[in-house]
Amino acid sequence: MKTYKKILLVLAGLLLLVIIGVALFINSLKPDYEGEKSLPGLSGEVNTYFDPYGIPHIYAENETDALKALGYVHAQDRLWQMELLRRVAKGRLSEVFGKDMVKTDKFFLSLGIDEHTRETLEGLDKSSEPIVLSQAYLDGINAFIEEGPTPIEFYLTGIDKEPFTIEDVYNAVGYMAFSFAMAHKTDPFLTSLRNKLGDDYMKDMAIDSDSSTVWIKNYKGESVDTLGTQITASVDEALKKLPIPQFEGSNSWVIAPQKTKNGKVILANDPHIGFAQPSVWYEAHVSTPTYEKYGYHLAGVPFPLLGHDRKIAYGLTMFENDDIDFYYEETNPSDSTQYKTAEGWKTYQLVNKTIKVKDGEDVAFSYKKTHHGPVLNNIADQISGERPISMSWIYTKPKNMVMHALYGLSHAKNMEEFKSALPNIHAPGLNVMYGDADGNVAWWATAKLYQMPDSLSTKFVLDGTSGKEEPLRYLDFSENPMAENPSWNYVYSANNQPDSIAGMLYPGYYLPENRAKRIVQLLDAKNDWDKESVSEMILDVTSPVNTEVVTELIKLFDVTKMTEEQLVMVDSLRNWDGKYSLTSTSPALYHRSLYFMVKNTVEDEMGTEMFKQFLSTHLFKRQIAWGASIERSKWWDNVNTPDVVETRQDMVMASFSDAWNSLVEDFGPDPSQWTWDKLHTLEHPHPFGQVESLRGYFNVGPFPVEGTREVINNLAFPYDSTGFYKVNSGPSTRRIIDFSDVENSISILPTGQSGNPFSEHYQDQAQMYVNGEFRKMMMNKQEIEETASSILIFR
C-alpha cells in the first residue's frame, strides 16, 4: 500500500511538473508588451506605449528608428500572418499545409507576381526614402525573428522562421492587388454561358451598366464554352483554400463642413474583407518630431493603407475596374511551340517551377506564356480542351511604384501632395477617399486604366490572334473618375458604377446600387452630421433595394393557394422596412425565397456546377433586382419540362413554397421562431480552426449578427443549399475621423490587435464589434501615457 502511495505521489509530482512546464512554455510565447529591449541600429531611445487594446503608440526621434520599432512590435503580434502572406505569391503554401495547397501554389506562381517583384527590385533605388524606411521596418521584423519567441503555429507546422526581405513586401502588395480582381470569376464564366445558351439568354443578364441605378458622380472642383466554366472552377478552388482573407468591397464617405454640425470634415470608412483570425489590419500610431500617423497596416507592409493625422485622413474602397482580360490563343498546327499573333507566329515562353510539399515529393510543373500572359490550360486539373486561354493582368505590365505611392499617401501634408502620389498606383484599382482639416473632401479612382476598341465587351474571352482586341491606349490619371469638393458637399463610394470618363463608361465588376442608394439617401437627408450620427450610419442594416424586390414579386403571389400562416407572413413581408435585426423574421423568408427563385430560374439551363460559380460572382448580386423586374424572359421557363412553359409567377410561387417548407423543416411550423439570429452568424476562422479539436482554441466566435449582404453594415455570406448564412466577409474595421475633435476619433477591429492566441488582445474587441461599439484612436500623448497598460522601451 505504501509503495502504491509513493507511486501515486511520484506520478502526481511528475504531472505537476508537466503542467508547470506547459504553463511556462505558453507564457514564454506571449508577446512582450513591457520592459526594455535592445534593438540593433537605433540612433536613440524609442518608447512604445500600448493602450488598453494593445495598439502601439511609438515615439522616436526619427522615422527610421520608429519604423524599426514598428517592425518589431508588428512581428511579435502578427508574425504567423506575415509568414503566410509572403508565401502566397511565391507558391510556398504547400510547404506548410501539404499537398492540398499544390493547386493554389500553381495558380499563384502562374500569375507572375513573384517574377514581377524581381523585375521591380532590379531597378529599385535602394537609397530612396521609401526603401530605406521599408528596410528599417524589415530590420525590426528580423530582430524579433532572431530574439523573440517563436509563435505556436511554427511549432505546430514544423516550419522554420526565415528573415524577411524587401521582396516579401512587394509580394504581399501583389497578392492584395490580385485579391481585388473579379474578372477571373466572371469573364470565362460568361463566355461559357454565352456559348452554351446563346444571346437570347444573355440579354437578360445584368452584364452592362444600368443607367437607372445610383452611380458615383464625377466633379472637378477647386481646393477648399465548357473551357470557360473549367477555368472559373479551377480559380475558385485555388482561392477557396487560401488560409488568408481576400479583399471583397468597401464603404466610405467623406462629409464636407457645410453638412456637419461642427463645420469640420468627417471621414467614415469600413473596407470589406474576408473574415479571418487574426483580422487583416494592424493598428499603429507613429510619432516623431517630423512625422505622425495613426495607420492601418497589412502584414509585412511598412506604410499604412488607411491613416490619419491632425491634418489629413484617408481611406480606401475597391474600384472594381476591369484589369484582367482573357484571350483565346491559337497554337501553330505544324509547330506546337508557337502561337499566332497579328505579326505572325511567336514562340511560347515555357516557365518551369518546382513546389516543395510538406510530407511529400516535390511537384514540378510547367506552363506556357504568351505576350498576353500565362496560358491557364496546364495550370489546373479541371481545365481540359486544346484551345489555349491566356490571362493578361495589368499589375504585371507597367513599372511597379505602389510602395512609393503608399509612402507618398502616408507622408502627404495637404491635398495637392496627396493627389500627386495617386498616379503611382497602377493596380489594384482603388477608390481613395480623402478629407482634411482645411475642409477639402475628395474621391479619386486610382488605377492604370486603358481604352479598348469601341463596342468590344471585355466581359468575355477575347481574340488574342488578330490584334484587333488589344488596348488602344493608357488613360492619363486626369481622365480617371474623381470628385473634388463637389457642390453636393460629400463624396462616397460603395463599389458601385462610377459615371462616364473619357467619353465612356469604364468596364468593371461593380456591385449593385444597394449600399450606394442607402448612403446617398441618408447623406442627402441631413445637414448636421456629427461623429455620433455617422457612427450610427456605419452600422445601418436597412436595405431599400430588397424591399423593392419584395414589392415587385409579392404582386405575383396567388393568395388563394396560401395557408393562413403564409398570408400572415406575406403581410409581414409587405410591411417590412428592410431592416435586418436579430429578432426579425422577414429576412429569413426573403433570403430563402430568393435563393430558391434564383436556383429554380437558372440552374436548369446552367447546370449544377455553373450555377455554383454564378453564385460567387458580382454578376449574381447585380442580377437579383434586375432579373426580378423582367416580366418575360427565356430564363423563367424550366427546360426540363418541355410540355410546360413556366412564367415568372410560376417561379415566384414555387420558390416561396420551397422556402416555406425548408424553414418549417429547420425551425418548425411557427414563423415567429424563424428569427435572423438563428441563420446569420459570424465566426472568425484561423487556419488551424479547420481541425475540430483546435477550433475552440484558435477560432473566434460564432456570434449571431445583425446585417446582411449589401447593406451598409455589410456582413455578407455565400448562398448555398443549406439555407444558413455563415458570414464570411464584412467590415475589416469601422473608422470615423472627425476633424472637429480628431484626438477622439473612433474605430474598432473585428477580433483584436494580436494574432497570438496567448495574447490578451487576441479577441478583446470581438464582442464589441458584434455589439456595434467603438474605441478611441488615441493621439494625445499625455492621455496615452496616463492610460497605457504597458510601455516597451527600445534602446
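Residues numbered from 1 in each chain as written. Predicted model: local features only at pLDDT ≥ 70, side-chain atom pairs only at ≥ 80, totals over all residues. Heavy atoms only, no water.

Description of the pairing of strand S11 (residues 324-328)
In terms of burial, S11 is largely enclosed, as five of its five residues are buried. Burial along S11 is two-sided: Ile 324, Phe 326 and Tyr 328 and Asp 325 and Tyr 327, pointing in opposite directions, are all buried. In this structure, S11 lies alongside strand S21 (residues 462-463), joined through two bridges in parallel fashion. Bridge pairing links Tyr 328 to Asp 463 in S21. (Buried < 20%, exposed > 50% of the residue type's maximum accessible area, 1.4 Å probe, protein only. Helix = DSSP H or I, 4+ residues; strand = E, 2+ residues; numbered from the N terminus. Pairing = 2+ DSSP bridges.)

A closer look at the packing of helix H16 (residues 544-554) against helix H18 (residues 586-606)
Interhelical geometry of H16 versus H18 gives an angle of 65 degrees and a closest axis separation of 12 Å. One finds that H16 runs roughly perpendicular with respect to H18. Crossing geometry of H16 relative to H18 is assigned as left-handed. Contacts from Asn 546, Val 549, Val 550 and Leu 553 in H16 reach Tyr 590, His 591 and Met 597 in H18. Residue composition of the contact of H16 with H18, grouped by class: five nonpolar, two polar and no charged. (Axes fitted to C-alpha atoms, helices over the stretch in contact; angles between N-to-C directions. Parallel < 35°, antiparallel > 145°, perpendicular 65-115°, else oblique. Left-handed = near helix turned anticlockwise from the far one by under 90°. Contact = heavy atoms within 4.5 Å. Nonpolar A, V, L, I, M, F, W, Y, C, P; charged D, E, K, R; others polar.)

Considering the side chain of Glu 115
Along the chain, Glu 115 turns up in helix H5 (residues 113-122). Non-local contacts of Glu 115, meaning those with residues more than four positions away in its chain, are made with Val 351, Lys 353, Tyr 367 and Lys 369.

Some words on the sheet that holds strand S13 (residues 335-341)
Here three strands make up an open sheet; going across it, the order is S12-S13-S14 and the pairing antiparallel. Pairing within the sheet leaves two strands with one partner each, and these edge strands are strand S12 (331-332) and strand S14 (344-347). Here S13 pairs with S14 via four bridges, running antiparallel. Within the sheet, the bridge partner assigned to Gln 338 lies in S14 and is Thr 347.

Quick word on the sheet that holds strand S27 (residues 725-727)
Hydrogen bonds between backbone atoms are what pair the strands of a sheet, whose relative direction is either parallel or antiparallel. Reading across the sheet, the three strands line up as S26-S25-S27 and stay open at both edges, with mixed pairing between neighbours. Looking at which strands have only one partner, the edges of the open sheet turn out to be strand S26 (700-704) and S27. Within this sheet the neighbouring strands show an average axis-to-axis angle of 25 degrees, counted without direction. Sheet topology places strand S25 (residues 680-684) next to S26; three bridges connect them, and they run antiparallel. In the strand pairing of S26, His 684 is matched with Val 700.

Considerations on the pattern of salt bridges
In the structure shown here, the tally under the stated rule is 38 salt bridges. A salt bridge links Glu 292 to Arg 310; its shortest N-O distance comes to 2.5 Å. Remark: Arg 310 occurs in the loop between strand S9 (306-308) and strand S10 (312-318) and Glu 292 occurs in strand S8 (residues 292-297); sequence separation between them is 18 residues. Here Lys 776 and Glu 783 are joined by a salt bridge, their closest N and O atoms 2.5 Å apart. Connected through salt bridges with shared partners, the residues Glu 83, Arg 86, Arg 87, Arg 92, Glu 95, Glu 162 and Asp 168 form a single ionic network. (Salt bridge = Lys/Arg side-chain N within 4 Å of Asp/Glu carboxyl O.)

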